[in-house]
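These are the residues of each chain, in order.
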Amino acid sequence: MDYGTFQGILTIVVMVTFVGIFFWAYSKHSKSKFDEAANLVFTEDELAKMSKDSGDQK
C-alpha cells in the first residue's frame, strides 16, 4: 500500500465520520436532548434563586 492509497482511505474514513456526526447532530431524536442541555443554565439559575428566596438565612 503506497502513500496515495493510504491518503485516499483516510479521506474516505474522515468523510464518513463527518457525515455520521452531521446526521446525528441534526436528527430529531437528538434535538430534544440538545434543547434540554441548552436550557440547563436557566434551571440552575432558578434553583439558586429558589434556595436564596426559601427563607433559610444564616
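Rules used in this analysis
Residues numbered from 1 in each chain as written. Predicted model: local features only at pLDDT ≥ 70, side-chain atom pairs only at ≥ 80, totals over all residues. Heavy atoms only, no water. UniProt positions renumbered as here; feature names shortened; annotations may be inferred. Helix = DSSP H or I, 4+ residues; strand = E, 2+ residues; numbered from the N terminus. Phe/Tyr/Trp six-rings, centres within 6.5 Å; stacked < 30°, edge-to-face > 60°. Buried < 20%, exposed > 50% of the residue type's maximum accessible area, 1.4 Å probe, protein only. pLDDT = per-residue confidence, 0-100.

As named in an unreviewed UniProt entry, the protein is Cytochrome oxidase, taken from Shewanella frigidimarina.

Student: I keep staring at the UniProt feature "transmembrane region" (unreviewed entry) in the protein and nothing clicks. Help me out?
Tutor: As recorded in UniProt, the feature "transmembrane region" (unreviewed entry) lies at residues 6-26. Split by type, residues 6-26 is 95% helix and 0% strand. Its first and last C-alpha atoms lie 30 Å apart.

Student: What is the right way to read the packing of aromatic side chains from this model?
Tutor: The geometry of two aromatic rings is summed up by the distance between their centres and the angle between their planes. Taken as a whole and assessed by the stated rule, the structure comprises three aromatic pairs. Between Phe-22 and Phe-23, the ring centres sit 5.8 Å apart and the planes meet at 75 degrees, which makes this aromatic pair edge-to-face. Judged by relative accessible area, Phe-23 falls into the exposed class, the value being 55%. An angle of 85 degrees between the planes, with centres 5.5 Å apart, marks the rings of Trp-24 and Phe-34 as edge-to-face. With a gap of 10 residues between them, Trp-24 in helix α1 (residues 3-25) and Phe-34 in helix α2 (residues 28-38) connect regions that are remote in the sequence. Note on Trp-24: relative accessible area 51%, which makes it exposed. Overall, the relative accessible area of 36% leaves Phe-34 in the partly exposed class. Here a set of aromatic residues connected by ring pairs shows up, and it is made of Phe-22, Phe-23 and Tyr-26.

Student: Sorry if this is basic, but what is going on with the confidence of the model for the protein here?
Tutor: One rule of thumb: low pLDDT means the predicted coordinates there are not for detailed reading. Residues with a pLDDT of 70 or more make up 74% of the protein, whose mean pLDDT is 84. Looking across the protein, the model is least confident in helix α3 (residues 40-52), with a mean pLDDT of 72, and most confident in α1, with 96.

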